[in-house]
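Given next are the chains, with one letter for each unit.
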Amino acid sequence: MTTPNSPSSELPDPVKFDRLLVVRTSAMGDIIHALPAVAALRESLPQISIGWVVEERWVELLCSPSASLAGPRSANRPLADRIHTVNTKGWRRSLIAPDTWRQISGSVRDLRIPHYQVALDFQGALRSALIARLSGAKRIYGFANPRESVARLAYTERITPNGTHVVEQDLALSEILLGKRVGLPAAQLPRDKSAEQECDRYTVERRIEKFALLNPGAGWGAKQWPAERYGEVAKQLSENGLKCLINYGPGEQALAEAAETSSEGRGKNIQLSLTQLIAFTRRAALFIGGDTGPMHLAAALKVPVVALFGPTDPARNGPFGTSSIVLRNQLSPTSHKRRIQPDAGLLAITAGEVVAAAKELLTRHS
């Protein structure tokens, strides 16, 4: 599974440490990819205390708003015993401001309080490696070829994973720490009672028994399938008796409105917080969208997925661990460059192909 590449020849004995720090600050899909690896650590070492460093905007992926960031674990915070929040994007915008440095100092103090002995950097960026180093952990595990090569200088232990998908690569990092191969557990996401009740109210009031969740947004233009085609998909699925909710996040309202208009009102747009999105996704019969955080959330929750891929590689970033159909045209090059222009291969995927894939998945799970 893995090849150690480390200054130390010995792996740490799991019984000799009891405080572990996970560093995966962003983004949504990448945090979700790391959940099974951390769940494997939790299952293998139930006695240890696990901390997790995450950006403030993504904390609801680890802890529901109704729960505290530290203390006994529960359904509201199933994996981490303690969550440390950072705001690196905001800090970079005002790096010279005294208040920024007060916030940074406070975050570092909070990070050092538990006296972590081991840190795992799943992110492989300079900022995540620096956070791991600032925690005071004596052993820092990371990838031999991280996303930002300078990050490896902060690691005391480096590994080369053999897995193709990001989920497999993250699990490999946990396996090195455990000193053994382990099965892939399910991702654990918070459950929030009020969000689930709100989802129930929404569907009951609108007499929705079964629905598909459509997500027209994307991280950048080359990954974005036209919103109007999502609307056409919603229209056709509605004609077959399946309600469609069009999810949108911050800055994506225009996309959702375009999709709803194109659906002739058959699809209904809905803006959800992360906690609400988790609750609604759990109820969905189907998810349709591109290579985005919401798509990876649906896969983690075992919801059937129709994934529309353009330049990114579905072997590395596709829906993992759920029933899915990936649509990708051979015209699409494999590239992670954040191009604004729509990918020609992605545009070649028709609404009819998406509807056919959706019907096939629905038939499989009927």
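Let us look at the structure shown here. Not measured: the values here are computed from a predicted model. (Residues numbered from 1 in each chain as written. Predicted model: local features only at pLDDT ≥ 70, side-chain atom pairs only at ≥ 80, totals over all residues. Heavy atoms only, no water.)

1. Thoughts on the overall build of the protein chain
A count of helical and extended segments in the protein chain gives 13 helices and 13 strands. Against the globule reference of 21 Å for 366 residues, the protein chain gives a C-alpha radius of gyration of 21 Å, in line with a compact fold. Across its three principal directions, the C-alpha atoms of the protein chain cover 60 × 45 × 45 Å. Taken across its 366 residues, the protein chain has 54% of its residues classed as buried. For the protein chain, contacts bridging at least 24 residues in sequence account for 64% of all contacts bridging at least 6. Accessible surface, the protein chain: about 16,200 Å² in total, of which carbon and sulfur atoms supply 50%. For the protein chain, the separation between the mean place of its 45 positive charges and that of its 35 negative charges on side chains is 4 Å. (Helix = DSSP H or I, 4+ residues; strand = E, 2+ residues; numbered from the N terminus. Rg over C-alpha atoms; globule rule 2.2 N^0.38 Å. Buried < 20%, exposed > 50% of the residue type's maximum accessible area, 1.4 Å probe, protein only. Contact = heavy atoms within 4.5 Å. Areas by Shrake-Rupley, 256 points an atom, 1.4 Å probe, with all protein chains shown as cover. Lys, Arg positive; Asp, Glu negative; His and termini not counted. Charge placed at Lys NZ, Arg CZ, Asp CG, Glu CD.)

2. Some remarks on the sheet that holds strand β8 (residues 211–215)
Read from one edge of the open sheet, six strands run β10-β9-β8-β11-β12-β13, paired in parallel fashion. What marks the edges here is a single partner per strand, and that holds for β10 (267–271) and β13 (324–328). The average undirected angle you get between the axes of adjacent strands in this sheet is 20°. Where β8 and strand β9 (residues 243–248) come together, four bridges link them in parallel fashion. For Ala212, the partnering residue across the bridge sits in β9 and is Cys244. Docked against the sheet, helix α9 (residues 274–283) engages β8, β9 and β10, running at close to 135° with respect to β8. (Pairing = 2+ DSSP bridges. Axes fitted to C-alpha atoms, helices over the stretch in contact; angles between N-to-C directions.)

3. Re the side chain of Ser128
Take Ser128: it is sitting in helix α4 (residues 126–134). Judged by its relative accessible area of 0%, Ser128 falls in the buried class. If we skip the residues at most four places from it in the chain, Ser128 touches Val23, Asp121 and Gln123.

4. Focus on the nonpolar core
Of all hydrophobic cores here, the largest spans 66 residues; its most connected members are Leu20 and Trp52. Among the elements that take part in this core, helix α1 (residues 28–44) stands out by supplying ten residues, more than any other. Core analysis: the next-biggest nonpolar cluster, separate from the first, contains 30 residues, Leu237, Tyr248, Leu346 and Val355 among them. (Core = buried A, V, L, I, M, F, W, Y, C linked by side-chain atoms within 4.5 Å.)

5. Examining the pairing of β9
Burial within β9 is extensive, with five of its six residues counted as buried. Handedness of the β-α-β unit built from β8, helix α7 (residues 227–239) and β9 comes out right-handed. Taken together, the five bridges between β9 and β10 define a ladder with parallel strand orientation. Bridging from a neighbouring strand, Cys244 pairs with Gly267 of β10. For the segment spanning β9, helix α8 (residues 253–262) and β10, crossover handedness is right-handed. (Right-handed = clockwise from strand over helix to strand, strands pointing away.)

6. Considerations on the packing of aromatic side chains
A complete count under the given rule lists three aromatic pairs for this structure. The structure contains a cluster of three or more aromatic residues connected by ring pairs, namely Tyr202, Phe211 and Phe280. Lying over the aromatic face of Tyr202, Arg206 brings its terminal NZ or CZ to 3.7 Å of the ring centre. (Phe/Tyr/Trp six-rings, centres within 6.5 Å; stacked < 30°, edge-to-face > 60°. Lys NZ or Arg CZ within 6 Å of the ring centre and 35° of its normal.)

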